[in-house]
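Chain and residue survey
Chain residues, written in single-letter form:
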Amino acid sequence: MTPVGTLRIPYPSTDSDSVRPGDRTPVVFIHGLWLHAGSWDAWLDLFRDHGYDPVAPGWPGEPEALPAANAFPGPMAGTGAREALAHYESFISELQRPPVVVGHSFGGLLAQQLLARGAAAGAAALAPARFRGVLRLSPTELRSSLPVLWNPLNRRRVLRQSPQRFHRTFANAVSEGESNDLHATCVMPAPGRPLFQVAEANVNPRSPLRVDTAAKRGPLLLAGASEDRIVPASVVRAAARRYRSSASPTEYLEIAGSGHSLVIDHG
């Protein structure tokens, strides 16, 4: 595992205007809980301008438009890791070639699973949720999860985040005004089940949150955010250490001054 201080995106050297659509490297973006697939729109534009073929499919049952996702989130109730992983594996199987997968939060965990299972050519996991075997538990992470975990009925529910809670836990590294704007343009209700699966991962021998860290695979970048209260950087570093014995390329990057909203905020 090689720590890195600067993230450099390997843009294709070919002029993007001359690259035929079928020749572009596919990139699949996977969001985590509370965010809508539309939160990746700026990333899609950036990668498309640089010659990639990016796409951001939503979770199973996720409405295509954010207003509909906020108004009718019911189909996502009960969705967990197995359902989400099968959904993205099915989507990727329809592509012409294995993509690079970029995942944030729970999407970062899914990105690691897809890479280890051979579905992806490479992956970047940004502030990824913990997988089974990562034992590091931060008090800030615990505080952010308790409001959901205290009620077992939340396992089968779709839950909402208020603008105040979103700023306190998710977008804590930006101003309240920016946080409120992000809440209005990117946030949707999320299924509670994945949070219970993360909490139980190390005590449930049948946990679906397993990652084969010894698998022969393409390159993996794990990125933590120094001010993250949902998945603290210490948890991402602990996940990176699980790859110590891997012969495949693995790098860790820590982004200073950012919180869990690093994929959607001004930074």
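Since the structure is predicted, the reported quantities are computational estimates derived from the model, not experimental observations.

Brief notes about the overall build of the chain
Helix and strand counts for the chain stand at 9 helices and 9 strands. Relative to a compact globule of 267 residues, whose C-alpha radius of gyration would be 18 Å, the chain shows 17 Å and is just as compact. C-alpha atoms of the chain, sized along the principal axes, occupy 50 × 40 × 35 Å. When each of the 267 residues of the chain is scored for burial, the buried share is 54%. Restricting the contact set of the chain to residue pairs at least 6 apart, pairs at least 24 apart contribute 75%. Working note: accessible area of the chain is about 12400 Å², and carbon and sulfur atoms make up 53% of it. Side chains of the chain carry 27 positive and 23 negative charges; the gap between the two charge centres is 13 Å.

Brief notes about the nonpolar core
Within the largest apolar cluster, 75 residues are counted, with the highest numbers of intra-cluster contacts made by Trp59 and Phe106. Once residues within four sequence positions are removed from consideration, Phe106 is found in contact with Gly32, Leu33, Trp59, Ala81, Ala129, Pro194, Gln197, Val198 and Leu209.

A look at the environment of Ala239
With respect to the helices and strands, the residue Ala239 is situated in helix α9 (residues 233-241). Each C-alpha atom, one on Ala239 and one on Pro147, is 25 Å from the other, the two residues being 92 residues apart in sequence. If we ignore the near neighbours within four places in the chain, the residues touching Ala239 are Phe131 and Val134.

Looking at the pattern of salt bridges
Inspection of the entire model under this criterion finds 5 salt bridges. Between Arg193 and Glu83 there is a salt bridge; the shortest N-O distance is 3.1 Å. A residue pair is termed long-range when its members are at least 10 positions apart, and Arg193 in helix α8 (residues 193-200) and Glu83 in helix α3 (residues 81-93) qualify at 110 residues. In this structure, Arg237 engages Glu254 in a salt bridge whose closest nitrogen and oxygen atoms are separated by 2.7 Å. A residue pair is termed long-range when its members are at least 10 positions apart, and Arg237 in helix α9 and Glu254 in strand β9 (residues 250-255) qualify at 17 residues. Taking relative accessible area as the criterion, Arg237 reaches 32% and is therefore assigned partly exposed.

Quick notes on the side chain of Thr250
Structurally, the position occupied by Thr250 is in strand β9. Looking at Thr250, its side chain comes within polar contact range of the side chain of Arg217, at 2.5 Å. In terms of polar contacts, Thr250 uses its side chain to reach the backbone carbonyl oxygen of Ser248, at 3.2 Å.

A closer look at unusual backbone geometry
The phi dihedral of Ser105 falls on the positive side, at around 60°, and the residue is not glycine. Residue position: Ser105 is located in the loop between β4 (100-104) and α4 (106-116). With a phi close to 45°, Ala127 is a non-glycine residue in the positive phi region. Mapped onto the fold, Ala127 is located in the loop between β5 (122-126) and α5 (139-149).

Observations regarding a positive patch on the surface
Together, Arg136, Arg241, Arg242 and Arg244 line one region of the surface with positive charge. Note on placement: Arg136 falls in the loop between β5 and α5. On the accessibility criterion, Arg136 (44% relative accessible area) is partly exposed.

Quick notes on the pairing of strand β8 (residues 220-225)
Burial within β8 is extensive, with 6 of its 6 residues counted as buried. Burial of β8 is two-sided: the residues Leu220, Leu222 and Gly224 facing one way and the residues Leu221, Ala223 and Ala225 facing the other way are all buried. Here β5 pairs with β8 via 4 bridges, running parallel. Each bridged residue has a counterpart across the sheet, and for Ala125 the counterpart in β8 is Leu222.

Conventions and cut-offs
Residues numbered from 1 in each chain as written. Predicted model: local features only at pLDDT ≥ 70, side-chain atom pairs only at ≥ 80, totals over all residues. Heavy atoms only, no water. Helix = DSSP H or I, 4+ residues; strand = E, 2+ residues; numbered from the N terminus. Rg over C-alpha atoms; globule rule 2.2 N^0.38 Å. Buried < 20%, exposed > 50% of the residue type's maximum accessible area, 1.4 Å probe, protein only. Contact = heavy atoms within 4.5 Å. Areas by Shrake-Rupley, 256 points an atom, 1.4 Å probe, with all protein chains shown as cover. Lys, Arg positive; Asp, Glu negative; His and termini not counted. Charge placed at Lys NZ, Arg CZ, Asp CG, Glu CD. Core = buried A, V, L, I, M, F, W, Y, C linked by side-chain atoms within 4.5 Å. Salt bridge = Lys/Arg side-chain N within 4 Å of Asp/Glu carboxyl O. Polar contact = N/O pair within 3.5 Å; in protein donor to acceptor, adjacent residues only side chain to side chain. Patch = residues over 30% accessible without salt bridge, like charges linked within 9 Å, V, L, I, M, F, W, Y side chains within 5 Å. Pairing = 2+ DSSP bridges.

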